Every structure is written in structure tokens, then in C-alpha cells.
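Close look at the chain arrangement
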Amino acid sequence: MMSNKTNNAANGISPSSNAIIGYLIFNFISTILVTFINKLCFTRINFGFPAALCNIHFATTYAGVEIMKRLGMFEPLPKSPSIRADWHFASLIIFVGTVTPLNNTSLKLNSTAFYQLFKLLVTPAIVLLEYILDGKVLSLKRAATLVAVVLFVLKSSEADLEFNMYGTICAIIWVPLAAGYKVQWGRVQRMHNCSTPALMQVVLPYAIVVQTIISPLVDPPGLSKYDWTAEAVFWIGLSGIAAFLVNLSGFLVMGHVGALAHVLLGQLKTSAVMLGAYYLFDAHYNFMQLLCAAGAVVSIVAYTHVTTGEKKNNKQRQDSSFTNEGNGDALRLPLSSKKAEKEGWGR
């Protein structure tokens, strides 16, 4: 059985502050988990096909969503949106299907520092896109913590910016697509007033097709000749299960918390991995990089605290306004209800 908080999220109901924090922690832990498992897939079993692995992730995620549906864990959409009639839905499919392959290409061709720099550009792109599409403006507190995160992450990841022309083109194309992907998910979910799993169920099949078409641009040849041993099936299957958890939690964050929160989770993971590698694996970073990584973690925690506080205050104001309007209607029109008309009071 699902908890009440999970049921609320699955049925499109606005979650509480505790549920929001739960989504963030869920996504953070599952992302770290899938990162290590994917690393084992690339090194232990030599599965050097990142785009194909992403397709396996999407297929496993879709299977997981279907299981959730059959167990009655969410209410599916009564009718799948039309790609031709609903451009919001069509654009979301393009975003979901293209972002991961382009991201992998950028990471593959560019240095880590150059890749991290373009990841930071997604943050202002999201702020601009949300302002253009929905008129959203950040509060002063959220803007300040966001600037602090960007500066700390930029300083902590400083290194030689090695890149090539093709990798740069992929990164430039990827930035607006990544911003659109994170923003559009929440917008489409609100448009259809549906739960996160319900939207995943209708988007993923189309996204798998798009991603399959793009995969040859990322993966090297030789997938058909790969040796599918029992160990390979185990690790790739485990990677798919972990990816289901990442995708579900990530879409929950984008749909119920926001696109910026999902981006900052990625920055938090980068900083946490850097700090963990220093203490656990004797990785070499200078003092300033470690200090800025810690500063990024603190700034992200501060941003989360400010955001959840603002959402809670907004919800309280909305509830208060709804109560006042309801009381006002009752005082102004005490005899205009259907029950009153049936009993003859309004005559």
C-alpha cells in the first residue's frame, strides 16, 4: 500500500513540505546509486553504449509505471494527449527523448570542467524560460541562494576547459533543450491535472522512439555483437531498476517542486561526490575547491529551505483566501443553493 503522501502525489494533489523534502532525498539517493551501478556497467562488464543503456532505462521505467498502474497506485489519464493537437505534449516528448543522448555526447567529447560549465548555464536558462512562459519571478532570497550555488560550483569545478567543436555544438544545443525539458514537464502535468506516473505512462513510449533514433549519434558500433553474459544481464538489469527510481523521483521533483530544484539536485550530487571522493578515495582537490564544494552544498540546502518555506506560506495564503471567499459567498447568498431551491426556501 502507498502512504497518503505518495497517493497525493500520484493523483496530482499538492504535496506537503515534508513530502517535498522526501522527493528531494529520494532523488538524491537514487541518483547516487544509479551513478555507481552505471560505472560498473561501463567498466566491469564493458558495456560501452551509454545511449543504449538509456533506452534500457526508459523501457524499464515504463515497465515499472505499468506495474504501478496495475496495482492501482495512480489514476491513469483517461485519454492520451494528441501529438498533433497538443504542441506542449509533443515538445515534451522531443525534450525527454533528446536531452539524455546529447548530454552523454557532451560529457563524452568535452572535459568535465567544460561540461560542468554548460550544466550551470541551464540554471539561468530555466529562470528565463519560466519568466517568458509563465511570468515567474524569483524572490530575492531564492535568487541570492541560487547565485551562491552557481558561483560555488563554478569555483569548485575549475580546471582546464578542454573541448572540441562537435562537443561544443552538442552542449550549446543541449542547454535550451535541458531547460525546456525540466520546465515543460511541470507545465504539461499542470495542464492535464494528472499525476507524475500518469504523465510518464503516456510520454515514455514516444520518448523511447525518439531516443532510439538519436542513439547512433552517441553510441559506437558493435552493440549487436555484445556478449550478453549472465553477469552483464544482472548489472544492466539492476541499472534499469535503479534508473526507474531515479526517473520516478526526478519527475516527482520537476512536477511538484520545480525545474530549478531538479537542476540544483544535480549540482548537490556533484559537490557531494567530490567531497566523498576526497575523504573516501584520496582524490586530489585543493583547499579552495573543497571549501567551495561545501559552500555549494550549504547554499543548496538554504535554497531548499527557502523554497519549501515560500511554498508553505503561499499554500496557507491560498487556503485562507479560499476560506474567506467561501464564507463570503455563504453570507451573501444563503438561500441560493440547490438544496434551498428544492426545499422552497428561495421562493
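Residues numbered from 1 in each chain as written. Predicted model: local features only at pLDDT ≥ 70, side-chain atom pairs only at ≥ 80, totals over all residues. Heavy atoms only, no water.

**Observations concerning the pattern of salt bridges**
Side chains that carry opposite charge are capable of pairing whenever their charged atoms lie near each other. The following threshold applies: The rule for a salt bridge is simple: a side-chain nitrogen of Lys or Arg has to be within 4 Å of a carboxyl oxygen of Asp or Glu. Secondary structure elements are defined from DSSP: runs of H or I of at least 4 residues count as helices, runs of E of at least 2 residues count as strands, and each element is numbered from the N terminus.
For the coordinates displayed, the defined rule picks out 1 salt bridge. Note that glutamate 231 and arginine 44 form a salt bridge whose closest N and O atoms lie 2.6 Å from each other. Taken together, the residues glutamate 231 in helix H9 (residues 230-256) and arginine 44 in the loop between helix H2 (17-43) and helix H3 (50-70) connect sequence positions 187 residues apart.

**What about a nonpolar patch on the surface?**
As a reminder of what qualifies: Two joining distances apply to patches: 9 Å for like charges and 5 Å for nonpolar side chains (Val, Leu, Ile, Met, Phe, Trp, Tyr), and every residue must have over 30% relative accessible area and no salt bridge. Areas reported as accessible are Shrake-Rupley estimates using a 1.4 Å probe. Residue values count occlusion only from the protein chains shown. Buried, partly exposed and exposed residues are distinguished by accessible area as a fraction of the type maximum, computed with a 1.4 Å probe on protein chains only: under 20%, between the cut-offs, and over 50%, respectively.
The grouping of Leu128, Tyr131, Ile132, Leu133 and Val137 at the surface amounts to a nonpolar patch, some 540 Å² of accessible area in total. By the element assignment, isoleucine 132 lies in helix H5 (residues 112-134). Overall, the relative accessible area of 58% leaves isoleucine 132 in the exposed class.

**Let's talk about helix H6 (residues 140-156)**
What counts is decided by this rule: Here, expected helix span is obtained from the residue count minus one, scaled by 1.5 Å. Read the arc as the range of directions from the helix axis to the C-beta atoms.
Between its first and last C-alpha, H6 extends 24 Å over 17 residues, near the 24 Å set by a 1.5 Å rise per residue. Turning to H6, its buried residues number three or more, namely Arg142, Thr145, Leu146, Val149, Val153 and Ser156. All buried residues of H6 project into a common sector of 105° when viewed along the axis, lining one side. Exposed residues on H6 whose side chains face more than 90 degrees from its buried face are Leu140 and Leu151.

**With respect to the side chain of serine 249**
Threshold: Whenever two N or O atoms come within 3.5 Å, that pair is a polar contact, provided that in protein one can donate a hydrogen and the other can accept it, and provided that, for residues adjacent in sequence, both atoms are side-chain atoms. The contact criterion used throughout is that any non-hydrogen atoms of two residues lie within 4.5 Å.
Secondary-structure assignment places serine 249 in helix H9. Residue classification places serine 249 among the buried positions, given a relative accessible area of 0%. Among the polar contacts made by the side chain of serine 249, one reaches the main-chain carbonyl oxygen of valine 246 at a distance of 3.0 Å. Dropping the residues within four chain positions of it, serine 249 is found in contact with Tyr23, Phe26, Asn27 and Ser30.

**Structural notes on unusual backbone geometry**
Phi at asparagine 46 is positive, roughly 55°, even though this residue is not glycine. Inspection of the secondary structure puts asparagine 46 in the loop between H2 and H3. A positive phi is found at asparagine 193, a non-glycine position, where the angle reads about 50°. Along the chain, asparagine 193 falls in the loop between helix H7 (165-192) and helix H8 (196-214). For asparagine 193, a relative accessible area of 61% puts it in the exposed group.

So far we have only geometry, and geometry alone does not tell us how the molecule works.
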